[in-house]
Structures are given as C-alpha cells and as structure tokens.
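For reference, the chains in residue letters:
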Amino acid sequence: MRAVIIGAGIAGLTVAKGLRLLEWETEIYEQASELKPLGAGLSLSANALRALRTLGLYEAVVAEAQPIHRLDLLDDKGQVLQSTDFQRFSRQYGHLSMAVLHRGDLHKALLSELPRSIIRTDMECVDARQVGDNIALRFANGEIVESELVLACDGIHSAVRRALFPQSREHFARYACWRAIAPGFPQGMDPARLTESWGPENASAWPRSPAKGSTGLLAVVPITGTTPSWLRPILQKFRRCFPDFTSRRSLIGPRRTR
Ligand SMILES: Cc1cc2nc3c(=O)[nH]c(=O)nc-3n(C[C@H](O)[C@H](O)[C@H](O)COP(=O)(O)OP(=O)(O)OC[C@H]3O[C@@H](n4cnc5c(N)ncnc54)[C@H](O)[C@@H]3O)c2cc1C
C-alpha cells in the first residue's frame, strides 16, 4: 500500500514513521528546497510524548528535550496562581508528561528516523482533486502525482485543504506570537520549571527552556499596535539577562493569497 504525504514538517515526518511501521510505502513532498532545523521553542505534552513512544521515536526526541517537572501560572506581578506537578503525571504514565525543545531539534530527530530517499523537496503542491478512487495532486513544477491515500500535512495555510474544502477558512484571532531563544540560563533559574505569566489583557508569556543549555521566551499578545504595558518589564528583564537578545515577531496572519 502506498501513501503520499504533503509537507515534511512535524506532522508529515511523524505520520511517515507510523505508516512505515505498518509497512506502507510512503512518499513525502515538501515545498522547501532544503530541510532546515527551523523554529524556536516548542512544548510536547503527555499525549504527544505517548504518541512518540508508540512510534518508537520517544528516546530520540527526549534526548534533545528538557524535561519539565513543574508549570507555574503567574499573575503579572509574579505571584503563583496555580502550580502543576508534572512529575506526578510522569510517574503515573511511565514516561515524561511534559518536555520542551527546539522545533529544529524535534524536526532533526524525526528526520533521522526516515530514509532521505522518501522525501522530495522543491515540490510545492498547488492543487488536489478527487479522480475516481484517487486523489490527483498537482505541483508547481507541473508534475501530477496520484494516490489512494493522501495526508495533508502542509501546515496552517494548507493548499490541500484549500483545494478540497474551499469553504474552510483559518480564523485570524488578532494575536501575535513573539519567540526568542538565548544561550545559557539566568542565575538561579530552574530549567525544569516552566512559568507562564498572565497579563491583564488576556495574553501570556512563557519564559522556558526550549533546549538543554538555552532559555526561551514566548509571548502571545493581542495586536494593538504597541507592546502591552505588562509585557514591557518582562522583555526588559530578559534583555538584561541576555544583552545580545534580538526579537523577531512571528505573526499568523490571514490567508495567504496566491
Ligand atoms: C519553519 C517553521 C517554524 C516553526 N517554528 C515553530 C516554533 O518555534 N514553535 C512552535 O510552537 N511552532 C512552530 N512552528 C509550527 C509548528 O511546527 C506547527 O504548528 C506544528 O508542529 C504542526 O505541525 P505541522 O506538521 O502540521 O505543520 P508545520 O510544522 O508547519 O509543517 C508544514 C510543512 O509543510 C510544508 N508545506 C506547506 N505548504 C506546502 C505545500 N503547498 N506543498 C508542499 N509542502 C508544503 C511546509 O514547508 C512545512 O515543512 C513552525 C512551523 C514552521 C513551518
């Protein structure tokens, strides 16, 4: 049996490993010309870690990750609102219940489990249609590929979803996400403790340790044109700890138009 996967991101590589365990022939088509370890910090919860264990990927991924033992929700003054003991869940499940790592390290670990020959790069899927029992996929270079099973793993702006379900639309929530990573830890910081600060404008910031040996910050802020007042002292503190810190705003905007 043969399956075609569109997108060599986190979902595409993971599902390819699963299908190969079931002895499916798999082909992955990726729009990028090169597979690079891109991104910043990403957290894996118990369900994702369990799925990785089932797929035989747990050890490879966890070797790159920082286990998280506690998550503290804080108010904008740093007072603890709620605390979750992840070690308790880890003991109950028999595997980690929370870990953080760099998306690039997760991507690399997943890639290392697949033969490179099944991934074709420079293959941007631009259309998908049902043709009898098959799906016919058209690529930007004019190639057509048909398969009985197609997995659309082409991310938030999925071209396959747009082609097959034209009525489905992304919802733009008017929030922006800031991500940053810096080498090292501020003095006294516990790398196994994740904190999430909630500000008055219903937004949150997570100082976190996305990979062993580095610290990250993730802030979700409403798009109001200015940095919310509650976020400014957090960013200032971060900049004091990491003088080389530069910020890059990543915005999930409305639908891309072709
Ligand atoms: C470059 C990048 C960096 C990211 N960084 C972070 C991060 O730091 N932290 C975080 O929490 N999340 C990050 N994300 C999002 C996160 O990876 C996803 O939200 C989540 O992992 C879901 O995975 P996914 O496989 O559905 O999508 P993605 O991981 O987004 O992967 C989608 C893949 O499909 C490919 N693709 C898209 N359109 C087409 C097409 N038409 N034809 C062929 N291939 C196509 C993309 O190039 C990409 O490789 C990032 C995503 C990307 C693409």
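Only a predicted model underlies this, so the values are computations on that prediction, with no experimental measurement involved.

Rules behind the numbers
Residues numbered from 1 in each chain as written. Predicted model: local features only at pLDDT ≥ 70, side-chain atom pairs only at ≥ 80, totals over all residues. Helix = DSSP H or I, 4+ residues; strand = E, 2+ residues; numbered from the N terminus. Buried ≥ 20, exposed ≤ 12 C-beta atoms within 10 Å, placed from the backbone. Pairing = 2+ DSSP bridges. Axes fitted to C-alpha atoms, helices over the stretch in contact; angles between N-to-C directions. Near = placed C-beta within 6 Å. Nonpolar A, V, L, I, M, F, W, Y, C, P; charged D, E, K, R; others polar. Parallel < 35°, antiparallel > 145°, perpendicular 65-115°, else oblique. Left-handed = near helix turned anticlockwise from the far one by under 90°. Contact = placed C-beta atoms within 7 Å. Core = buried A, V, L, I, M, F, W, Y, C linked by C-beta atoms within 7 Å. Expected span 1.5 Å × (residues − 1).

### A few points about the overall build of the protein
- The number of helices and strands found in the protein is 7 helices and 17 strands.
- Burial analysis of the protein (258 residues in total) assigns 27% to the buried set.

### Overview of the sheet that holds strand E10 (residues 134–139)
- Sheet architecture is open: 3 strands sit in the order E9-E10-E11, paired in antiparallel fashion. The open sheet has two edge strands with one neighbour each: strand E9 (125–131) and strand E11 (144–147). Going from strand to strand, the sheet's axes swing by 20° on average, the running direction of each strand aside.
- Note: E9 against E10, 6 bridges, orientation antiparallel. Opposite Gln130, over in E10, you have Ile135 as the bridge partner.

### Overview of the site of the ligand
- In the region of the ligand, 23 residues are neighbours, and Gly7, Gly9, Ala11, Gly39 and Gly155 sit closest.
- Of the residues forming the shell around the ligand, the biggest block, 3 residues, is contributed by helix H1 (residues 10–21).
- When grouped by side-chain class, the residues that make up the shell around the ligand number 12 nonpolar, 6 polar and 5 charged.

### Examining unusual backbone geometry
- In this structure, Glu23 is a non-glycine residue whose phi angle is positive, near 65°.
- Relative to the helices and strands, Glu23 is located in the loop between H1 and strand E2 (25–29).
- Although it is not a glycine, Asp122 sits at a positive phi angle of roughly 60°.

### Description of the packing of H1 against helix H5 (residues 103–111)
- Running from N to C, H1 and H5 point in directions that differ by 25°, and their axes come no closer than 10 Å. Regarding the angle of H1 to H5, the classification is roughly parallel. As for how H1 packs across H5, the hand of that crossing is left-handed. The segment H1 lies against H5, with Ile10, Leu13 and Thr14 engaging Leu106, His107, Leu110 and Leu111.

### Section: the sheet that holds strand E8 (residues 119–120)
- Spatial strand order, E8-E2-E1-E12: 4 strands in an open sheet with parallel pairing. Here the strands that pair on one side only, and so sit at the sheet edges, are E8 and strand E12 (149–152).
- For strand E1 (residues 2–6) and E12, the ladder comprises 4 bridges, and the chain directions are parallel. Looking across to E12, one finds that Ala3 is bridged to Leu149.
- Running at roughly 170° to E2, H1 makes contact with E1, E2 and E12 of the sheet.

### Quick notes on the pairing of E1
- Inspection of the sheet shows E1 paired to E2 by 5 bridges, in the parallel sense. Along E2, the bridge assignment pairs Ile6 with Tyr29.

### Here's the deal with the nonpolar core
- If you look at the biggest cluster of nonpolar residues, it comprises 37 residues, and the most contacted ones within it are Ile6, Ala99, Val100, Cys125, Leu137, Val150 and Val160.
- Apart from residues no more than four positions distant in its own chain, Leu137 is found in contact with Val4, Ile6, Cys125, Ala128, Ile144, Val145 and Val150.
- Ranked by size, the runner-up nonpolar core spans 8 residues in total, among them Ala40, Ile181, Leu217 and Ala219.

### Digging into H1
- Taking 1.5 Å as the rise per residue, H1 with 12 residues should run 16 Å; its terminal C-alpha atoms sit 17 Å apart, in good agreement.
- Looking at H1, one finds that the buried residues are Gly12, Leu13, Thr14 and Ala16.
- If you follow the buried residues of H1, they end up packed against E1, E2 and H5.
- Where H1 ends, the next residue or the one after it, Glu23, has phi of about 65°, a positive value.

### Things to note about the environment of Ala16
- Within the fold, Ala16 resides in helix H1.
- Separated by 135 residues in the primary sequence, Ala16 and Leu151 have C-alpha atoms spaced 9.5 Å apart.
- The contact partners of Ala16, leaving out residues within four places of it in the chain, are Ile5, Thr26, Ile28, Leu114 and Ile118.

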